[in-house]
Amino acid sequence: MAGPRVVVIGAGVVGAALVDELSARGWDDITVVDQGPLPAPGGSSSHAPGLVFQTNPSKAMAEMARYTVEKLNGLGCFLQVGGLEVATTPARLADLHRRQGWATSWGIDATVLDTERCLELYPLLDRDQVLGGLHTPTDGLAKAVRAVEAQVDRARTRGVTVLDRTEVLDVKVTGGRVTGVVTSQGELPADIVVCCAGIWGTKVAGMVGMTLPLVPMAHQLAWTGRVAALNGQKDEALRPILRHQEADLYYRERFDTLGVGYYGHRPMPVSVDDILSVDAADPMPSVQPFTEEDFADAWRETNALLPATREAKIEEGINGLFSFTTDDMPLLGPSRDVAGFWVAEAVWVTHSAGVGRAMAEWLVDGHCESFDLHECDVNRFEPHQLAPKFVLERACQNFVEVYDLKHPLQPMEAPRPLRTSPFHTRQRELGAYFLEAGGWERPHWYEANAGLVEGRHIPRPDDWAARYWSETIAAEAQVTREAVALFDMTALKRLEVTGPGATAFLQRMATGDVDKSVGSVTYCLLLDHNGGIRSDITVARLGAETFQVGANGPLDLDWLTRYLPEDGTVQVRDITAGTCCVGVWGPRARDLVQPLTDIDLTKLRYFRGKQGYVGNVPVTALRLSYVGELGWELYTTADMGLKLWDTLWAAGQEHGVIAAGRGAFNSLRLEKGYRAFGTDMTYEHTPDEAGLGFAVKADKPEYIGKDARQGTRKLTCLTLDAHVLGKEPVYDGDTTVGYVTSAAYGYTVGTGIAYAWLPAELSTPGQTVHIGYFDRRIPATVTEEPLFDPAMTRLRG
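In this text, all values refer to a predicted model and were calculated from it rather than measured experimentally. Note that residues are indexed from 1 along each chain, following the sequence as it is written. In keeping with the model being predicted, local features are shown solely for residues with a pLDDT of at least 70 and side-chain atom pairs are shown and tallied solely at 80 or more, while totals for entire chains, interfaces and linings include all residues. Working from all heavy atoms in the structure, the side-chain values ignore hydrogens and water.

### Side note on the overall build of the chain
When you go through the chain residue by residue, the secondary structure sums to 18 helices and 40 strands. Only the C-alpha atoms count toward the radius of gyration. The rule for a globule is 2.2 Å times the residue count to the power 0.38. A compact globule built from 797 residues would reach a C-alpha radius of gyration of about 28 Å, and the chain, at 28 Å, matches this within 12%. Throughout, exposure labels follow a simple rule: accessible area from a 1.4 Å probe, protein chains only, divided by the maximum for the residue type, with under 20% read as buried, over 50% as exposed, and the rest as partly exposed. For the chain, the residues scored as buried account for 61% of the 797 residues in total. Pairs at least 24 residues apart make up 72% of the contacts formed inside the chain by residues separated by at least 6 positions. Only the protein chains shown count as covering a residue, and every accessible area follows the Shrake-Rupley method with a 1.4 Å probe. Within the structure as shown, the chain displays about 29700 Å² of accessible surface, and the carbon and sulfur contribution to it stands at 48%. Going along the chain from the N terminus, every DSSP run of H or I of four or more residues is numbered as a helix, and every run of E of two or more is numbered as a strand. Any pair of residues with heavy atoms lying within 4.5 Å of one another is described as a contacting pair.

### Topic: the pattern of salt bridges
Salt bridges are defined by distance alone: a side-chain nitrogen of Lys or Arg within 4 Å of a carboxyl oxygen of Asp or Glu. Tallied over the entire structure, the rule returns 46 salt bridges. Notably, a salt bridge pairs Arg416 with Glu441, separated by 2.7 Å at the nearest N-O pair. One end of the pair, Arg416, is in the loop between helix 10 (388–400) and helix 11 (424–429); the other, Glu441, is in strand 23 (residues 440–446), with 25 residues separating them in the sequence. Overall, the relative accessible area of 27% leaves Arg416 in the partly exposed class. On the accessibility criterion, Glu441 (7% relative accessible area) is buried. A salt bridge links Glu629 to Arg794; the nearest nitrogen and oxygen atoms lie 3.0 Å apart. Of this pair, Glu629 sits in the loop between strand 32 (617–622) and strand 33 (631–637) while Arg794 is found in helix 18 (residues 793–796), placing the two residues 165 residues apart along the sequence. With a relative accessible area of 30%, Arg794 lands in the partly exposed category.

### Some points on helix 13 (residues 502–509)
Of all 8 residues that make up helix 13, 6 are buried, and the element is covered over most of its length. For helix 13, the complete set of buried residues consists of Ala502, Thr503, Phe505, Leu506, Gln507 and Met509. Elements in contact with the buried residues of helix 13: strand 25 (493–498), strand 26 (521–527), strand 27 (533–543), strand 28 (546–551), helix 14 (554–562) and strand 29 (571–574).

### Section: helix 1 (residues 13–24)
Between its terminal C-alpha atoms helix 1 stretches 16 Å, which fits the 16 Å expected from 12 residues at 1.5 Å a residue. By the burial criterion, the buried members of helix 1 are Val13, Val14, Gly15, Ala16, Ala17, Leu18, Val19, Asp20, Glu21, Leu22 and Ser23. Looking one or two residues past helix 1, Gly26 carries a phi angle of roughly 100°, positive in sign. Here the expected length of a helix is defined as 1.5 Å per residue gap, with one fewer gap than residues.

### What to know about unusual backbone geometry
Peptide bonds are, in most cases, trans, and in most cases residues other than glycine have a negative phi. The omega angle of the peptide bond from Asp282 to Pro283 is 5°, so this bond is cis rather than trans. Its place among the elements puts Pro283 in the loop between strand 17 (257–262) and strand 18 (287–289). With a phi angle near 50°, Asp789 is a residue other than glycine that sits in the positive phi range. Along the polypeptide, Asp789 turns up in the loop between strand 40 (776–782) and helix 18.

### A few points about the side chain of Thr511
Residue position: Thr511 is located in the loop between helix 13 and strand 26. Polar contacts, as counted here, are pairs of nitrogen or oxygen atoms within 3.5 Å of one another; within protein the pair requires one atom able to donate a hydrogen and one able to accept it, and residues that are adjacent in sequence qualify only if both atoms are side-chain atoms. Here the side chain of Thr511 touches Leu525 through a polar contact of 2.9 Å, landing on its backbone nitrogen. Filtering out sequence-adjacent residues up to four positions away, Thr511 remains in contact with Cys524, Leu525, Leu527, Ala695, Val696, Lys697, Lys700 and Tyr703.

### Considering the packing of aromatic side chains
In summary, the pairing rule links any two rings of Phe, Tyr or Trp, Trp by its six-membered ring, whose centres are within 6.5 Å, and it sorts them by plane angle into stacked for under 30 degrees, edge-to-face for over 60 and tilted for everything else. Overall, the coordinates contain 25 aromatic pairs when judged by the stated rule. Ring centres of Trp342 and Trp362 lie 5.3 Å apart, and the angle between their planes is 90°; this geometry places the pair in the edge-to-face category. In this pair, Trp342 sits in strand 21 (residues 341–345) while Trp362 sits in helix 9 (residues 352–365), placing the two residues 20 residues apart along the sequence. The exposure class assigned to Trp362 is buried, which follows from its relative accessible area of 14%. Centre to centre, the rings of Tyr626 and Tyr674 are 5.6 Å apart; their planes meet at 10°, and the pair counts as stacked.

### Thoughts on the sheet that holds strand 36 (residues 729–732)
Think of it this way: DSSP has to see at least two bridges between two strands before they count as a pair. Pairing within the closed barrel is antiparallel, and its 6 strands lie in the order 35-38-37-36-39-40. The sheet shows a mean angle of 45° between the axes of neighbouring strands, direction not considered. Across 8 bridges, strand 35 (residues 713–720) lies against strand 38 (residues 751–759) in antiparallel orientation. What sits directly across from Thr716, in strand 38, is Ala756. Axis geometry follows a simple rule: fit a line to the C-alpha atoms, using only the stretch in contact for helices, then measure angles between N-to-C directions, giving values from 0 to 180 degrees.

### Some remarks on the sheet that holds strand 21
Here 6 strands make up an open sheet; going across it, the order is 9-2-1-13-21-20 and the pairing mixed. Of all the strands in the sheet, just strand 9 (161–163) and strand 20 (331–334) have a single pairing partner and so form its edges. Adjacent strand axes in the sheet meet at a mean angle of 15°, parallel and antiparallel pairs treated alike.

### Concerning the pairing of strand 32
On any regular strand, side chains alternate: one points to one face of the sheet, the next to the other face. In terms of burial, strand 32 is largely enclosed, as 5 of its 6 residues are buried. Bridge count between strand 31 (residues 609–614) and strand 32: 6 bridges; the pairing is antiparallel. In the strand pairing of strand 32, Gly609 is matched with Leu622. Following strand 31, the chain reverses through 2 residues before pairing antiparallel with strand 32; Gly615 in that reversal takes a positive phi of roughly 60°. Both strand 32 and strand 33 contribute to a ladder of 3 bridges, which runs antiparallel. Across the sheet, residue Leu622 finds its bridge partner in strand 33, namely Glu633.

### Brief notes about the pairing of strand 36
Of the strand pairs in this sheet, strand 36 and strand 37 (residues 735–746) are connected by 4 bridges, and their pairing is antiparallel. When the bridges of strand 37 are listed, Asp732 appears paired with Thr735. Counting the residues in the hairpin turn of strand 36 and strand 37 gives 2 residues, including Gly733, whose phi is positive at 65°. Of the pairings in the sheet, the one linking strand 36 to strand 39 (residues 768–773) comprises 2 bridges and is antiparallel in character. What sits directly across from Tyr731, in strand 39, is His770.

### Things to note about the packing of helix 12 (residues 471–482) against helix 17 (residues 662–671)
Helix 17 packs onto helix 12 with a crossing angle of 55° between their chain directions and a minimal axis gap of 8 Å. Compared by their axis directions, helix 12 and helix 17 come out oblique. Judged by the twist between their axes, the crossing of helix 12 over helix 17 is right-handed. For the pair formed by helix 12 and helix 17, the contact residues are Ile473, Glu476, Ala477, Thr480 and Arg481 on the first element and Gly663, Ala664, Leu668 and Glu671 on the second. Throughout, the ten residues Ala, Val, Leu, Ile, Met, Phe, Trp, Tyr, Cys and Pro are labelled nonpolar, Asp, Glu, Lys and Arg are labelled charged, and all others, Gly among them, are labelled polar. When grouped by side-chain class, the residues that make up the contact of helix 12 with helix 17 number 4 nonpolar, 2 polar and 3 charged. Small angles under 35 degrees read as roughly parallel and large ones over 145 as roughly antiparallel, with 65 to 115 read as roughly perpendicular and the rest as oblique. With the far helix as reference, a near helix turned anticlockwise by less than a right angle produces a left-handed crossing, and one turned clockwise produces a right-handed crossing.

Quick look at the structure:
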């Protein structure tokens, strides 16, 4: 036998894709189980309308969709009729240009067309309503049931056991790992269990005590009777699949009838416990009775957009169940607590084959080579994001917003506030404009600083970039470089690593040398086994075997926890909630802090730390700066946080102290060339490519990812006379060569800044490229980095 004993629960499009991909990689002890009859066992796959629009703001999701199209097309399970997304308002037309930029960035051919060309592709459209459309020739219709059949049949030929009409009753766990699956036909021994149960995912995961933030939601799909304009059509579909997002609608042909899908109705969440069994459901568990009253607006909008439907009628309809999550992303990966239990949940047909490949690579090789999955990892959530009330509220709101025009900075509006730093009261007094991240309320700017704008030259961005923007952001950035500012850094994930084996553990996990004197701070990377960047971290040695790790989020905690030695010599603890941090940065930072502290700040060198007091507040002071200025990150316990802020604020008045927000922070960090994990670099990038080779101590005898692969691209600094926001395509002539990661205006260097992934040969300073921003091409120049203080005199002064 090759490979472990694997049981896949669920044989919809995801489970079918997974057993096909796993068996193709040589694993041959695989069983797939489903409670319903194959190839249409009764889950979401069995009724899915099959529309595949590949374009997505997420690179990974777009790439998984593209792989799905390629695979299903090769299996004869895809009708490649193309996709057309139409605009009926100027705002939607502008957004289609943005979407075309995403598609181009991720390697998908897409073009924004004028009204005439849209009507040529789809003559049923009302000329007077359509302003233009986004055409993606490789989009189309996935035949989901046929895809299940084709992939399961291939897996069978490689020895995969297929058990349909077999209900899963329990998942057996012994000693913290899965050992088998109990079914209505008996027990199946297993080393690995993968939950691909779709709308039943929470129920199956619950068998091992795992909480999935997933809600089954009813979504309306109706079919017209015969449409005269389609009379006599012999092919199932000839015209593109159609999306009218302004009215929350999509359409597909079925010979001489039309399918109409609608997201504009009220959210209709369904408890997994209320989903009928296969035997009790008619026609299947994932199909609920059509509520005609919820569809009235959809039919009016359809008649307006497609006048040919006015003589037709709706003849059948369903409320079909699909999975929604709290952040619109799938749930992939291993359980944190039960070894051998994996999930591939909240995956729609659009991404199904891509997810199958991703999961197979992850299971067989220990990492996914084809796609960057950090946005999809099931362990990405904070504890509050698993609360049932939070999950339900967010899933319902995501249903409402599924086709909305979303700005990249747009925060969730509810439930808020959830997490506030000890400084929150003072921030509100200063008129903080809050955005949200990870549940934290984070000031983006402060209205109290509005008076600082006068007399400053501040370029204004276009209307789209100006959302969630204020001139005050520019003033805060400039005052930080002129005087001193307080930045709330509490939302930074903080981990404590202790125990007699702590040093050796971190030496293996991180790329830097952390075995230095007490008080040292080391900037390091966490690498995957293939050398891809999993995170960037700071490691502060506070004691012989006590370290504070500045991390990026729950996935860092999960990664470190998975490699803890079994002998208990190392403990990793999330201390974020019980602590807080204020960054005191600017040329007058020492003038502000030194009179307040017993720490001799003149002797505390860059990337060193020391514990002491600021006034009456015990602090850990780390001489670090993410904005490129002299200063310190001051940490204390949450109960002392407000006192720390008040102490600094009172003493800082004579030095011109301000509170500064995240908007200024992002501008300043880009001026200094500092990277942000998840935006500038991810699992698919290597340290040298990302310009972070300095963080790798290559002569260390061992660390995860030591044998990193080499790359041919480079994270490159571009300057431009404009504002862009990120994810825009970059062109060399007419050729797409890369995409933007982070972008901001540099208010103290006087230029727009964008970082972009480009081929190494195009990363030479002075090279001119163009950024595709909506329907414009903006010239940009490759520039030596950092733009601000390359000699580091400000930081080390």
